[in-house]
Amino acid sequence: MQRNTHLDIDMALCGTPVELSPGRAVVRLATLPAMAADDRGLVHGGFVFGLADHAAMLAVNDPRVVLGAATVRFTAPVVVGEEIAAEATVTEGEGKKRLVEVTVRREATMVLSGTFTCVIPSHHVLDR
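Participant: Quick question: what am I supposed to make of the packing of aromatic side chains here?
Facilitator: Any pair of aromatic rings gets described here by the distance separating the centres and the angle formed by the planes. Applying the stated rule across the entire model yields one aromatic pair. With a centroid separation of 5.4 Å and 35° between ring planes, the pair formed by Phe49 and Phe116 is classed as tilted. Of this pair, Phe49 sits in helix H2 (residues 45–60) while Phe116 sits in strand S6 (residues 109–119), placing them 67 residues apart in sequence. For Phe49, a relative accessible area of 26% translates into the label partly exposed.

If you want it as structure tokens, here you go:
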């Protein structure tokens, strides 16, 4: 399946798609030293969230999809050098709104879970 959204995203920061099918995406991220929040190598949660968001957008896979809201829970830390993977599945879709369940794991350990409310506007959000 072809990727139709977020074509210009920096995959080094937000992950690389490894699986893409209708309503589902898997995206992997190798965490980098620049993502560290402290001298012990704790990866800032914003990078983990960015991975989850990228996976949610790809699960919807519409060129205009944007994030409307998210409810997430961080359940374990990530350390620089670890690879994490996000799996996103569209669970509900009505009109322009899609609910996407996302989990991020480091091997078998869940590090984030959440529900992303994605919206497909009729035009690009920057168009007036």
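Participant: Could you clarify how one ought to interpret the nonpolar core in this entry?
Facilitator: Grouped burial of nonpolar side chains is what soluble globular proteins tend to show. Of all hydrophobic cores here, the largest spans 28 residues; its most connected members are Val48, Val100, Val102, Val104 and Cys118. At the level of secondary structure, the elements contributing two or more residues to this core comprise strand S2 (24–30), H2, strand S4 (83–94), strand S5 (97–106) and S6. Looking at this core, the element that brings in the most residues is H2, giving nine residues. The residues contacting Val104, other than those within four sequence positions of it, are Val48, Leu51, Ala52, Ile84, Ala85, Ala86, Thr109, Met110, Val111 and Leu112.

Participant: Please explain the sheet that holds strand S3 (residues 66–74) as it appears in this structure.
Facilitator: The pairing of strands in a sheet comes from backbone hydrogen bonds and takes either a parallel or an antiparallel form. Ordered in space as S1-S2-S4-S5-S6-S3, the six strands form an open sheet in which the pairing is antiparallel. Every interior strand has two partners, whereas the edge strands, strand S1 (16–21) and S3, have only one. Averaged over neighbouring strand pairs, the angle between their axes works out to 20° when direction is ignored. Bridge count between S3 and S6: eight bridges; the pairing is antiparallel. Paired with Phe74 across the two strands is Leu112, which belongs to S6.

Participant: Would you take a moment to explain the pairing of S4 for this structure?
Facilitator: Side chains on a regular strand alternate between the two faces of the sheet. Across seven bridges, the pairing between S2 and S4 is antiparallel. Bridged to Arg24 within S4 is Thr89. Here nine bridges tie S4 to S5, and the two strands are oriented antiparallel to one another. The residue bridging Gly93 from the neighbouring strand is Arg98, located in S5.

The rules behind the values
- Residues numbered from 1 in each chain as written.
- Predicted model: local features only at pLDDT ≥ 70, side-chain atom pairs only at ≥ 80, totals over all residues.
- Heavy atoms only, no water.
- Phe/Tyr/Trp six-rings, centres within 6.5 Å; stacked < 30°, edge-to-face > 60°.
- Helix = DSSP H or I, 4+ residues; strand = E, 2+ residues; numbered from the N terminus.
- Buried < 20%, exposed > 50% of the residue type's maximum accessible area, 1.4 Å probe, protein only.
- Core = buried A, V, L, I, M, F, W, Y, C linked by side-chain atoms within 4.5 Å.
- Contact = heavy atoms within 4.5 Å.
- Pairing = 2+ DSSP bridges.
- Axes fitted to C-alpha atoms, helices over the stretch in contact; angles between N-to-C directions.

Just geometry here; none of it tells us what the structure is for.
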